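So you can see what is in the structure, the chains are spelled out below.
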Amino acid sequence: MTSALWRALLALLGLWPGLWPGPCPGLAAAPRLRPPDPRADLDSVVSLAKALLSDTKAFLALLKSRFPAEGEHKLDSLPVLSMSALELANIQAAGALARLSADLQRYQRHLEWLRRAAPALRALEPELAALQARLDRLLRRLDHLLSRLSLARPSAPQPPLPAPGSPWAVVQASHAIFHSLHLYLDWASRALVLLRNKL
């Protein structure tokens, strides 16, 4: 049997895997595709959360310099951050990522409300728009990660936003929103790093 005929026979046998035990000699086996690694997606979420934390800190400093408002300001519609050090150490992906997504959606709604209700803050509109765009990007990446991990997306009802008030009331609300968002992102960044180390 000539070598050309032998190669043709091997090629034909390769078309019917059941006729040949294992890969055909001389034919490379198709590489197996690895399943996507969720840690890469979580790394992206961690990076975006830290960048948003830095932006929020800078915006809060700018807000305080342009529109100072002494004292502590609160809004009942903002997420409440309450987690002990023990709970943080035992954090689990399913609950933490769903809560993070739901809470960030609430902050997103507050930023949208603030941009509509605060003509007094128009001087800060470029910085506010950039910060909101980064928050939107973080939420999209987080939604992608929830899908990748086959985790349910949160569907809890959103509390009502603050009623429109005076320009001064809106300035006070903006201080409450960004102070709360800064503290929340500081917690979220550490929680995400803990989750990353558990995967």
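The numbering scheme is per chain: residues are counted from 1 as the chain's sequence reads. Local features in a predicted model are, by the rule used here, given only for residues with pLDDT of at least 70; side-chain atom pairs are given and counted only at 80 or more, and totals for whole chains, interfaces and linings are based on all residues. Side-chain numbers here rest on the full set of heavy atoms in the structure, without hydrogens or water.

Caption draft 1: Region of the structure containing unusual backbone geometry. Its identity as a non-glycine residue notwithstanding, S150 has a phi of 55 degrees, on the positive side. Counting from the N terminus, the helices are the DSSP runs of H or I reaching at least four residues and the strands are the DSSP runs of E reaching at least two. Relative to the elements of secondary structure, S150 occurs in the loop between α5 (125-148) and α6 (167-198).

Caption draft 2: Examining the layout of surface pockets more closely. Of the volumes computed, that of the largest pocket is approximately 340 Å³. For each structure, a 1 Å grid was placed over the protein atoms alone; sets of points admitting a 1.4 Å probe that cannot get out are labelled cavities, open sets with protein on both sides within 12 Å along at least five of seven lines are labelled pockets, and lining residues have an atom within 4 Å of a point. Along the wall of the largest pocket there are 15 residues; nearest its centre are K74, L78, P79, V80 and S180. Each pocket or cavity is described by its volume, and for the second largest pocket that value is around 170 Å³. For the second largest pocket, the full set of lining residues is L60, K64, P68, A69, E70, G71, E72, H73, H175, A176 and H179. Contributing elements (two or more residues each) for the lining of the second largest pocket: α2 (38-66) and α6. Take the lining of the second largest pocket: its biggest share by element is 3 residues, from α6. Three classes are used: nonpolar for Ala, Val, Leu, Ile, Met, Phe, Trp, Tyr, Cys and Pro, charged for Asp, Glu, Lys and Arg, and polar for all others, with Gly counted as polar. Across the lining of the second largest pocket, the residue classes tally to 4 nonpolar, 4 polar and 3 charged. Grid points are joined across faces, edges and corners, and a volume is the space filled by probe spheres set on the points.

Caption draft 3: A look at the pattern of salt bridges. The term salt bridge refers to a pairing of a side-chain nitrogen on Lys or Arg with a carboxyl oxygen on Asp or Glu at a separation within 4 Å. Enumeration over the complete set of coordinates arrives at 7 salt bridges. When the shortest N-O distance is used, the salt bridge between R190 and D186 registers 2.8 Å. Taken together, the positions of R190 and D186, both in helix α6 and 4 residues apart, correspond to about one turn of that helix. Here the term buried applies to any residue with accessible area under 20% of the maximum for its type, exposed to any over 50%, and partly exposed to those in between, with areas from a 1.4 Å probe on protein chains only. Classification of R190 by relative accessible area gives partly exposed; the value is 49%. Take D186: its relative accessible area is 31%, and that puts it in the partly exposed class. If you follow the salt bridges from partner to partner, you end up with D41, R141 and R148 in one network.

Caption draft 4: Region of the structure containing the packing of aromatic side chains. Between the rings of Phe, Tyr and Trp (Trp by its six-membered ring), a pair exists once the centres lie within 6.5 Å; its type follows the angle of the planes, with under 30 degrees stacked, over 60 edge-to-face, and the other angles tilted. Under the defined criterion, the tally for this structure stands at 3 aromatic pairs. Relative to Y184, the ring of Y107 has its centre 5.6 Å away and its plane inclined at 55 degrees; by these criteria the two rings are tilted. One end of the pair, Y107, is in helix α4 (residues 93-117); the other, Y184, is in helix α6, with 77 residues separating them in the sequence. A relative accessible area of 0% places Y107 in the buried class. Aromatic side chains Y184 and W187 sit 5.4 Å apart centroid to centroid with 55 degrees between the ring planes, which places their arrangement in the tilted category. Highlighted residues: Y184 and W187, both in helix α6, separated by 3 residues, approximately one helical turn. Take Y184 and W187: they sit in the same class, and that class is buried. Through a chain of ring-to-ring contacts, three or more aromatic side chains come together here, namely Y107, Y184 and W187. In this structure, R99 packs its charged tip against the face of W187, placed 5.3 Å from the ring centre. The criterion is that NZ of a Lys, or CZ of an Arg, lies within 6 Å of the ring centre and within 35 degrees of the ring normal, and then a charge sits over that ring.

Caption draft 5: Inspection of the side chain of S180 at higher detail. Looking at the element boundaries, S180 is found in helix α6. Sequence-distant contacts of S180, that is, excluding residues within four places in its chain, are made with L78, P79 and Y107. Working rule for contacts: check all heavy atoms of both residues, and any pair within 4.5 Å makes them a contact.

Caption draft 6: Structural detail: the confidence of the model for the chain. The predictor attaches a confidence to each residue, and that confidence, scored 0 to 100, is pLDDT. Mean pLDDT for the chain: 81, with 80% of residues reaching 70 or above. Predicted confidence for residues 16-20 stays below pLDDT 50, and this span has 4 contacts to residues more than four positions away or in other chains.

Caption draft 7: Representation of the nonpolar core in the model. Nonpolar cores are built from buried Ala, Val, Leu, Ile, Met, Phe, Trp, Tyr and Cys residues. Side-chain atoms within 4.5 Å join them into one set. Counting 48 residues, the largest nonpolar core has L63, L97, L104, I177, F178 and L192 as the members making the most contacts within it. Counting residues per element, the ones that place at least two in this core are α2, α4, α5 and α6. The contacts of L192, once residues within four sequence positions are left out, are L42, V45, V46, A49, L97 and L100.

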